[in-house]
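Here's the letter readout for the chains.
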Amino acid sequence: MMVTYLYSEEVLHERLPMRPVKKRKEAKKMVEINWEKDFKTALEKAKKTGKPIYHDFWFDG
Amino acid sequence: MNTGPYSDEKVQKFIMENFIPLKSQCFWDKPTELMQKFEIKWTPTLIIHDPEGKEHHRMIGYLPADDLIAQLILAKGNIYFDTDRLPEAIAQFQTVINQYPDAGAAPEAVYWLGVARFKRTHDPKFLREIYDRLAKRYPQSEWARRAEAYSAIPL
């Protein structure tokens, strides 16, 4: 019976140190908008940071 | 939930770097306190407040990414202008004009740039410049018509 071992690329690199290590492209970091839900909290953060508030009044309909 | 213009990475980055983002849900059958306070009659309504909560800029409807970012830079300029920080206001208006010349906010930025420069220097040539720039680059805009009065200022 043939047994197949699956190794991650990193594990293989560790086991085969002579092999040139290819640098993986870093995954693109996604920026999420972290919305505040409370006006008072947003005001407190705005005062602390000096940033203005972007206020989106929306309707779910 | 980041949908519409908020799914654009440029918009996400710009908002997170420059603003505290806040969402307030509206209910037409039972308007919230904030809806009443800011007289919200339609959605989406987008308001830019300074850190004290005072409103300086308002937009109705979601805009494409570049138009939205240009409006937000204009809004930052408005905050500086309203609080007499004219050099900072000038820098924001200039950014709109340089980086987003085709955005809807650009003619308005030309107008306020000239006004801010005039207020800073008291040199009326900056008012005349508003008219000249708008008549040349944005002749169909409402802002060009607003600036028509300055066309009589001698160079």
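Criteria and cut-off values
Residues numbered from 1 in each chain as written. Chains lettered and ligands numbered in written order. Predicted model: local features only at pLDDT ≥ 70, side-chain atom pairs only at ≥ 80, totals over all residues. Heavy atoms only, no water. Helix = DSSP H or I, 4+ residues; strand = E, 2+ residues; numbered from the N terminus. Buried < 20%, exposed > 50% of the residue type's maximum accessible area, 1.4 Å probe, protein only. Lys, Arg positive; Asp, Glu negative; His and termini not counted. Charge placed at Lys NZ, Arg CZ, Asp CG, Glu CD. Salt bridge = Lys/Arg side-chain N within 4 Å of Asp/Glu carboxyl O. Contact = heavy atoms within 4.5 Å. Buried area = accessible area lost by both parts, 1.4 Å probe. Polar contact = N/O pair within 3.5 Å; in protein donor to acceptor, adjacent residues only side chain to side chain. Nonpolar A, V, L, I, M, F, W, Y, C, P; charged D, E, K, R; others polar. Pairing = 2+ DSSP bridges. Axes fitted to C-alpha atoms, helices over the stretch in contact; angles between N-to-C directions.

(A) Geometry of the overall build of chain B. Secondary structure assignment for chain B yields seven helices and three strands. Reading chain B from its N terminus to its C terminus gives the helix and strand order α-β-α-β-β-α-α-α-α-α. Overall, the C-alpha framework of chain B stretches about 55 × 30 × 25 Å when taken along its three principal axes. Counting across all 155 residues of chain B, residues that qualify as buried make up 52%. Each charge class in chain B was averaged separately, 20 positive and 21 negative side chains, and the resulting centres sit 3 Å apart.

(B) Representation of the pattern of salt bridges. Throughout the structure, instances matching the rule amount to 11 salt bridges over all chains. Between A:Asp56 and B:Lys23 there is a salt bridge; the shortest N-O distance is 3.5 Å. With A:Asp56 in strand β1 (residues 53–58) and B:Lys23 in strand β1 (residues 20–25), this residue pair bridges two chains. Here B:Lys23 falls in the buried class, since its relative accessible area comes to 11%. Note that B:Asp66 is salt-bridged to B:Lys10, the shortest N-O span being 2.7 Å. Of this pair, B:Asp66 sits in helix α3 (residues 65–82) while B:Lys10 sits in helix α1 (residues 9–18), and the two are 56 residues apart along the sequence. Classification of B:Asp66 as partly exposed rests on a relative accessible area of 36%.

(C) Geometry of the interface of chain B and chain A. On the side of chain A, 29 residues touch chain B, which itself brings 40 residues to the contact. The largest contributions to the chain B side of the interface with chain A come from B:Ile20, B:Leu22 and B:Lys23, which together make up 23% of the buried area. Counting across the interface, chain B meets chain A through one salt bridge. At the boundary of chain B with chain A, the tally comes to 19 residue pairs in polar contact (both at pLDDT 80 or more). Broken down by secondary-structure element, the contributors of at least two residues to the side of chain B that touches chain A are α1, β1, α2 (33–37), β2 (45–49) and α3 of chain B. Among the elements that line the side of chain B that touches chain A, the one with the most residues is α1(B), at seven residues. Partitioned by chemical class, the residues of the side of chain B that touches chain A number 24 nonpolar, nine polar and seven charged.

(D) A look at the sheet that holds strand β3 (residues 55–60) of chain B. The mixed open sheet is built from four strands, whose spatial order is β1(B)-β1(A)-β2(B)-β3(B). At either margin of the open sheet sits one strand with a lone partner, and together these are β1 and β3 of chain B. Ignoring strand direction, the axes of neighbouring strands in this sheet form an average angle of 20 degrees. One ladder, built from five bridges, connects β1(A) with β2(B); its direction is antiparallel. Paired with A:Tyr54 across the strands is B:Ile48, a residue of β2(B). The sheet strands contacting α3(B) are β1 of chain A together with β2 and β3 of chain B, and the helix crosses β3(B) at an angle near 155 degrees.

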